[in-house]
Amino acid sequence: MSLNVMLTQELEVKKKLLQECSRLLNLQIKAAKDAMDEAQESANEHQGAIEDKFESFREACQIQRDMYARQLDELMTTMGVLRRINATKLNSEVSPGAVVQTDLQNYFIGVSLGEIKVDGDSFYAISGMSPLYKAMEGKTTGDTFTFRDKEYKILQVF
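Remember, predicted model here, so these are calculated numbers, not experimental data. (Residues numbered from 1 in each chain as written. Predicted model: local features only at pLDDT ≥ 70, side-chain atom pairs only at ≥ 80, totals over all residues. Heavy atoms only, no water.)

Student: Requested: an account of the sheet that holds strand S1 (residues 99-102), with residues and values cited.
Tutor: Taking strand neighbours across the sheet as the criterion, the 6 strands line up as S3-S4-S2-S1-S6-S5 in an open arrangement whose pairing is mixed. Taken across any chain shown, the strands that pair with only one partner, and hence form the sheet edges, are strand S3 (114-118) and strand S5 (144-147). Averaged over neighbouring strand pairs, the angle between their axes works out to 40° when direction is ignored. (Pairing = 2+ DSSP bridges. Helix = DSSP H or I, 4+ residues; strand = E, 2+ residues; numbered from the N terminus. Axes fitted to C-alpha atoms, helices over the stretch in contact; angles between N-to-C directions.)

Listed below in structure tokens is the structure:
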């Protein structure tokens, strides 16, 4: 297989990982928006009620709405991090945007979204803030690193 074909395949995997992360985040953003709107509507429906119990219900709805608003803010920040990842850049070392294949698991460094499947392979989307990332940061193909008493060998970084 020529080097160009391999590079194209690797970038294709990275592009698919980015698209899947984006899709999952958009679903979470929509869920948070919907929940926030629902809490706001519940609060508004009880706006006119004078009784104390409705007042505390309305306050509870507002608190819930604020919680979803904070969640939404965090998701939007996460999406911003994801958008800064360049799908056309090959990484030679473990850094944000890299796909890291080890003898134990595969990782996509970007945002924390858990397990993602692309073309039948599993990748764990982890953030650049995670302790696991810190353990492998700056390493390259062939290097090893230890995390939680397990030794990982990096088979490939791209």
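Now that the structure is up, let's keep going.
Student: Help me get a handle on the pairing of S1, residues and values and all.
Tutor: On S1, burial covers both faces: Val 99 and Gln 101 on one face and Val 100 and Thr 102 on the other are all buried. The pairing of S1 with strand S2 (residues 106-110) spans 3 bridges and is classified as antiparallel. From the neighbouring strand, Val 100 faces S2, where its bridge partner is Tyr 107. (Buried < 20%, exposed > 50% of the residue type's maximum accessible area, 1.4 Å probe, protein only.)

Student: Tell me about the side chain of Glu 10, and name the residues and values.
Tutor: Among the secondary structure elements, Glu 10 is positioned in helix H1 (residues 3-45). Buried and unpaired, Glu 10 has Lys 14 as its nearest opposite-charge partner, separated by 8.4 Å. Excluding residues that lie within four positions of it along the chain, Glu 10 makes contacts with Leu 90, Gln 156 and Phe 158. (Lys, Arg positive; Asp, Glu negative; His and termini not counted. Salt bridge = Lys/Arg side-chain N within 4 Å of Asp/Glu carboxyl O. Contact = heavy atoms within 4.5 Å.)

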